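Listed below are the residues making up each chain.
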Amino acid sequence: MTVTDALIAYTFAATLLTLTPGLDTALILRTAAAEGGRKAFHAALGIDLGCFVWGALVAFGLGALLAVSEMAYTLLKWCGAAYLCWLGVQMLLHPRQRFDARSPGDARGSNSFLRGLLGNMLNPKMGIFYVSFLPQFIPTGHSPLLWTFLLVGIHVLLGTIWSLTLIFATRYAAGALKKPGVVQWMDRATGCVFLLFAIKLASSRR
């Protein structure tokens, strides 16, 4: 596989994977709609940093541990499921009362970056994905270390573009989201989605 072929094939595959709805998409949409674009962008940056951390682990060989160690995978899997469950329960029991990212009673808004980072880092499937997916697109004779970071960078760029698209799209719905009860409904709906992802992650296998 030539360098050009590898980049084209990987970009196409990574684009399809980025557009596939998942936890990151749910988090970005909810944060953008209920807390504003700025907080959603912070969440996106947290997700991006999580990708680079996973990329670094894979590049230096540590991420491969998840592919061979059942205990390491299971431990991280349950930590991630517990975190998603906690987020979901919080949203169900304590939904926002109104569309106002500056509300002093909203402690979650200031942690958008951390939510994005932890949501990504506590998902062992990201590590398995990078371990199993990235090596397929590293041309023979090229540095695995440099190419891993290059491919992760492309994935992050695609993810950031998609996140910005989602953020701008929610701006057109801002008027409807200011209506009483809509944000509460959105938080509860997102909480249910997070709980479903927690169950899916907890019951997943490598």
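Please read all numbers here as calculations on a predicted model, not as lab measurements.

### Here's the deal with the overall build of the protein chain
- A count of helical and extended segments in the protein chain gives 10 helices and 0 strands.
- Order of helices (α) and strands (β) in the protein chain, N terminus to C terminus: α-α-α-α-α-α-α-α-α-α.
- When burial is assessed residue by residue, the protein chain has 47% of its 206 residues classed as buried.
- Considering only intrachain contacts with a sequence separation of at least 6, the fraction spanning at least 24 residues in the protein chain is 85%.
- Here the protein chain displays about 10,800 Å² of accessible surface, and carbon together with sulfur accounts for 71% of that area.

### Some remarks on the environment of Thr15
- With respect to the helices and strands, the residue Thr15 is situated in helix H1 (residues 3-19).
- Here Thr11 takes part through its backbone oxygen, which lies 2.6 Å from a polar atom of the side chain of Thr15.

### Quick look at a nonpolar patch on the surface
- On the surface, Phe41, Leu45, Leu49, Phe52, Val53, Phe60, Phe113, Leu145, Phe149, Leu164 and Phe168 cluster together into a nonpolar patch covering about 880 Å² of accessible area.
- Of all elements in the fold, only helix H3 (37-59) and helix H8 (144-171) reach the threshold of two or more residues within the nonpolar patch.
- With 5 residues, H3 is the single largest residue contributor to the nonpolar patch.
- As for its position among the elements, Phe41 is in helix H3.

### Thoughts on the packing of aromatic side chains
- The tally for this structure, following the rule as stated, stands at 1 aromatic pair.
- Between Phe60 and Phe149 the ring centres are 6.4 Å apart and the planes differ by 65°, which places this aromatic pair in the edge-to-face class. Taken together, the positions of Phe60 in the loop between H3 and helix H4 (64-68) and Phe149 in helix H8 put the pair 89 residues apart, joining distant regions of the chain.

### Digging into the nonpolar core
- In this structure, Tyr10, Tyr130, Phe133, Leu134 and Leu151 are the most contacted members of the largest nonpolar core, which totals 23 residues.
- Among the elements of the structure, H1, H3, helix H6 (112-121), helix H7 (124-133) and H8 are those that each provide at least two residues to this core.
- The element that contributes the greatest number of residues to this core is H8, accounting for 6 residues.
- Ignoring anything within four residues of it in the chain, the contact list for Leu151 reads Tyr10, Leu134, Phe137 and Ile138.
- Core analysis: the second largest hydrophobic core is formed by 18 residues, Ala26, Tyr83, Met91 and Phe194 among them.

### Brief notes about the confidence of the model for the protein chain
- Averaged over all residues, the pLDDT of the protein chain equals 78, while 78% of them reach at least 70.
- Here residues 100-109 is a poorly scored stretch, pLDDT under 50, and it has 16 contacts once near neighbours within four places are set aside; other chains count.

Conventions we followed
Residues numbered from 1 in each chain as written. Predicted model: local features only at pLDDT ≥ 70, side-chain atom pairs only at ≥ 80, totals over all residues. Heavy atoms only, no water. Helix = DSSP H or I, 4+ residues; strand = E, 2+ residues; numbered from the N terminus. Buried < 20%, exposed > 50% of the residue type's maximum accessible area, 1.4 Å probe, protein only. Contact = heavy atoms within 4.5 Å. Areas by Shrake-Rupley, 256 points an atom, 1.4 Å probe, with all protein chains shown as cover. Polar contact = N/O pair within 3.5 Å; in protein donor to acceptor, adjacent residues only side chain to side chain. Patch = residues over 30% accessible without salt bridge, like charges linked within 9 Å, V, L, I, M, F, W, Y side chains within 5 Å. Salt bridge = Lys/Arg side-chain N within 4 Å of Asp/Glu carboxyl O. Phe/Tyr/Trp six-rings, centres within 6.5 Å; stacked < 30°, edge-to-face > 60°. Core = buried A, V, L, I, M, F, W, Y, C linked by side-chain atoms within 4.5 Å. pLDDT = per-residue confidence, 0-100.

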